[in-house]
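Summary of structural features
Listed below are the residues making up each chain.
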Amino acid sequence: MSTFQLPDLPYAYDALAPYISADIMELHHKHHHQTYVDKLNEALEDLPDFADKSVEWLLANLDTVPESARTQVRNQGGGHYNHSQFWQWMSPQGGGTPSGELAESLTERYGSFEKFTEVFGDSASKVFGSGWVWLMPDLSIETSHNQDSPLSEGKPAPILGLDVWEHAYYLDYTYKRPEYIDAWWHVVNWDEVARRYEHKA
Ligand code: MN3
């Protein structure tokens with residue numbers, strides 16, 4: 001039986017305030033993310049062949065998952081994977097601008113760091129309904145609906161992503177998603193993004 005587990009947050013629930021409140025972080029991690037984990041485990045309960053597979057492998061090989069469980073693995077597995085990354089992409093020491101190779105490459109591609117945040121933020125505000133916006137290892141920007149992952153499209157793991165589901169911001173920002181996006185830049189863990197960028201395949 002698969003037993004995926006909720007990863008600990010690498011900081012306290014109130015560590016990202018005032019940009020993201022403790023209330024949101026606690027609900028988002030302890031309840032939303034936990035539910036993805038529980039439902040993923042439930043979906044895999046009767047599939048012993050998949051018991052030793054990582055969530056990354058499952059998302060990249062959805063077509064091998066029996067049809068009866070495939071939608072659940074896609075949604076709940078995607079939810080588990082995406083949120084596990086999302087917590088690491090933020091930090092109370094975050095914000096500011098990236099440095100090194102990542103900074104140079106972003107400037108080269110988008111003209112400036114500010115221009116990059118504009119394009120990324122614009123993509124994030126245009127996701128209709130629930131979804132994510134991603135920065136890919138080649139520095140292209142992609143979006144997904146629901147909990148879909150680029151991994152399921154045969155693409156590499158994103159190096160940064162922003163959750164634009166209403167559960168990620170409604171309590172703090174109500175319907176004003178652009179305000180959440182603007183605030184989120186203050187907590188982006190650029191060291192982690194740069195690490196992933198430099199270790200790309
Ligand atoms: Mn979420």
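Look up a bit, the structure's there.
Every value quoted in this text rests on a predicted model; they were computed, and no experiment measured them. (Residues numbered from 1 in each chain as written. Predicted model: local features only at pLDDT ≥ 70, side-chain atom pairs only at ≥ 80, totals over all residues. Heavy atoms only, no water.)

Looking at a negative patch on the surface
- Together, Asp-38, Glu-42, Glu-45 and Asp-46 line one region of the surface with negative charge.
- The exposure class of Asp-46 is exposed, given its relative accessible area of 67%. (Patch = residues over 30% accessible without salt bridge, like charges linked within 9 Å, V, L, I, M, F, W, Y side chains within 5 Å. Areas by Shrake-Rupley, 256 points an atom, 1.4 Å probe, with all protein chains shown as cover. Salt bridge = Lys/Arg side-chain N within 4 Å of Asp/Glu carboxyl O. Lys, Arg positive; Asp, Glu negative; His and termini not counted. Charge placed at Lys NZ, Arg CZ, Asp CG, Glu CD. Buried < 20%, exposed > 50% of the residue type's maximum accessible area, 1.4 Å probe, protein only.)

What about the coordination of the manganese ion?
- Taken together, His-28 (NE2), His-83 (NE2), Asp-163 (OD) and His-167 (NE2) make up the full set of protein donors to the manganese ion, lying 1.9 to 2.1 Å away.
- Every donor residue of the manganese ion comes from the same chain, spaced as H-x54-H-x79-D-x3-H. Of this pair, His-83 sits in helix α3 (residues 67-88) while Asp-163 sits in strand β3 (residues 160-163), placing them 80 residues apart in sequence.
- According to the relative accessible area criterion, His-83 is buried, its value standing at 0%. (Donors = N, O, S within 2.8 Å, 3.2 Å for Na, K, Ca; no water. Helix = DSSP H or I, 4+ residues; strand = E, 2+ residues; numbered from the N terminus.)

Some thoughts on the environment of Glu-104
- Inspection of the secondary structure puts Glu-104 in helix α4 (residues 100-110).
- Sequence separation between Glu-104 and Gln-34 is 70 residues; the distance between their C-alpha atoms is 37 Å.

Description of the side chain of His-33
- Turning to its location among the elements, His-33 is positioned in helix α1 (residues 22-44).
- The exposure class assigned to His-33 is buried, which follows from its relative accessible area of 0%.
- One polar contact links His-33 to His-80, side chain to side chain, over a distance of 2.9 Å.
- For His-33, the side chain forms a polar contact with the side chain of Trp-87, separated by 2.9 Å.
- In this view, His-33 contacts Leu-6, Pro-7, His-28, Gly-79, His-80, His-83, Ser-84 and Trp-87; residues no more than four positions away in its chain are not counted. (Polar contact = N/O pair within 3.5 Å; in protein donor to acceptor, adjacent residues only side chain to side chain. Contact = heavy atoms within 4.5 Å.)

With respect to unusual backbone geometry
- Omega for the peptide link from Ala-17 to Pro-18 comes to 5°, which places this bond in the cis form.
- As for its position among the elements, Pro-18 is in the segment before α1.
- Non-glycine residue Leu-139 carries a positive phi angle of around 70°.
- Following the sequence through the fold, Leu-139 ends up in the loop between β1 (131-135) and β2 (141-145).
- Exposure remark for Leu-139: the relative accessible area of 3% places this residue in the buried category.

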